[in-house]
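For reference, the chains in residue letters:
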Amino acid sequence: MSAGLLTRLRERTRHTDLMRHTGVVRQLSGLAIEAHGPDVPLGEMCLISARGGAAPVRAEVVGIRPGTTTLMAYGSFQGLAAGCEVVATGEMASIGTGRELLGRVIDCFGHPLDGEPEPMTRQRYRLQAAARNPMRRPRINTVLETGVRSIDTLLTLGRGQRVGIFAGSGVGKSTLLGMVAKHVRADVNVIALIGERGREVREFIEKQLGPQGLARSVVVVATADQPALARLRAAHAAVAIAESFRDEGQHVLLTMDSVTRVAMARREVGLSVGEPPTARGYTPSVFAELPELCERCGTAESGGSITALLTVLVEGDDLNEPIADCMRATLDGHIVLSRQLANQGRYPAIDALASTSRLMSDLVPAEVRALARSATSSLELLQRNRQLVDIGAYVRGANPELDRALKIEPELLAFLNQSEGGVDRAAALSALTGLLKEAP
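Model, not experiment: these values are computed from the prediction.

**Section: the overall build of the protein chain**
Helix and strand content of the protein chain: 14 helices and 19 strands. Viewed in the frame of its principal axes, the protein chain has a C-alpha envelope of about 90 × 50 × 40 Å. Taking all 440 residues of the protein chain together, 52% fall into the buried category. Of all intrachain contacts in the protein chain linking residues separated by at least 6 positions in sequence, the fraction that spans at least 24 positions is 71%. Here the protein chain has roughly 20,200 Å² of accessible surface; of this, 52% comes from carbon and sulfur atoms. Where the 50 positive side-chain charges of the protein chain centre and where its 49 negative ones centre are 2 Å apart.

Here is the structure:
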């Protein structure tokens with residue numbers, strides 16, 4: 001045996017735990033499994049033997065108290081009972097990453113859902129990454145073209161920006177995400193579908209994304225029927241995959257639908273381990289984890305970036321509910337979809353007056369900012385005087401600015417409506433400039 005091989009074996013043995021850490025299930029309570037042992041750290045993966053010939057259940061350590069280890073399962077409790085053995089695997093949560101995942105649809109563990117062979121990835125990334133030094137983040141200075149006119153002209157985004165899409169149910173969040181993912185000028189798309197209906201997953205991939213978009217995308221899926229821990233893991237797995245591409249210098253678009261369901265999953269886990277409920281039942285860990293997830297996105301010294309588009313499902317169309325309020329304060333901008341505009345048949349139903357991009361002033365020249373201000377000023381004037389105009393109480397000539405806004409209204413609304421993505425940003429800016437110059 002060579003000296004080099006002997007040295008490597010000695011080094012590996014030195015860092016290997018030669019003990020088998022085990023425990024015993026004491027109680028099953030709701031979603032939580034309470035066990036006596038094993039003596040392992042928070043986040044370690046364990047296997048719980050099941051009775052009746054059922055396969056072992058994969059679980060994760062989510063809480064530790066004196067004499068008690070709390071676990072949550074990634075699957076069914078079928079076959080579990082008091083006295084079942086818990087065996088620590090020695091593994092912390094991680095996922096395989098690499099270009100082998102492009103064009104694939106996977107679950108939270110990286111296993112295929114598309115019927116294709118298992119992806120043979122060459123590297124693994126931890127799901128819980130260390131916080132990045134804020135002074136080592138390059139500033140965001142490059143425009144990201146989404147192919148959506150209303151975003152590229154009125155709410156310009158940059159590579160590495162984190163933006164929320166806020167809307168109630170059925171207002172078009174998934175459709176807008178599909179438009180962007182299919183045509184955005186980015187190297188890689190990482191798409192996380194968290195808590196979605198099973199029917200919607202295939203529909204989104206085939207109808208919204210299409211073969212062209214899927215070819216440069218990685219889709220991570222955890223449907224609504226899966227345990228809370230699987231939904232949480234899928235969100236972190238998507239971010240870890242995006243980080244791996246960014247570290248290679250790639251420009252990544254991370255889309256997550258939806259962050260609200262991630263928060264709900266974290267609330268389920270928190271309540272199961274005894275956290276106190278706070279605003280609308282959300283536990284303190286929810287408001288700690290969401291900023292951590294967002295801060296992992298952005299620019300990096302590698303030259304790559306992660307631009308995040310995160311949908312926020314606002315309960316009862318209340319934009320001030322706790323998750324929406326937390327995300328709005330954390331992100332670099334927000335795009336609000338209006339149910340009223342959707343009911344009028346306007347898609348995407350982006351409310352430009354309620355939306356903002358906090359980096360637009362740094363990304364575009366003064367003339368483009370002036371163009372956007374002129375368009376939003378016209379929209380605000382029309383909205384403020386809509387009732388007056390509709391009942392016929394407004395007399396033409398009383399307000400020259402309103403007259404001008406009314407003259408360009410049909411063309412402006414047609415410009416903001418868009419059924420397909422992929423519109424060139426320069427062409428969109430040229431069209432908006434011509435439209436606003438039509439009226440005196």
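**A closer look at the confidence of the model for the protein chain**
Summarising the model, the protein chain shows a mean pLDDT of 90, and 97% of its residues fall at 70 or more. No element of the protein chain has a lower mean pLDDT than helix H1 (residues 3-14), which averages 69, and none a higher one than strand S11 (residues 157-158), which averages 96.

**Some thoughts on helix H5 (residues 228-247)**
Spanning 20 residues, H5 covers 29 Å between terminal C-alpha atoms, matching the ideal 28 Å at 1.5 Å per step. Of all 20 residues in H5, 19 are buried, a share of seventy percent or more. One or two residues past the end of H5 sits Gly249, with phi positive at roughly 90°.

**Quick look at helix H6 (residues 259-272)**
Between its terminal C-alpha atoms H6 stretches 20 Å, which fits the 20 Å expected from 14 residues at 1.5 Å a residue. Gly274 sits one or two residues past H6 and shows a positive phi near 100°.

Quick notes on the rules
Residues numbered from 1 in each chain as written. Predicted model: local features only at pLDDT ≥ 70, side-chain atom pairs only at ≥ 80, totals over all residues. Heavy atoms only, no water. Helix = DSSP H or I, 4+ residues; strand = E, 2+ residues; numbered from the N terminus. Buried < 20%, exposed > 50% of the residue type's maximum accessible area, 1.4 Å probe, protein only. Contact = heavy atoms within 4.5 Å. Areas by Shrake-Rupley, 256 points an atom, 1.4 Å probe, with all protein chains shown as cover. Lys, Arg positive; Asp, Glu negative; His and termini not counted. Charge placed at Lys NZ, Arg CZ, Asp CG, Glu CD. pLDDT = per-residue confidence, 0-100. Expected span 1.5 Å × (residues − 1).

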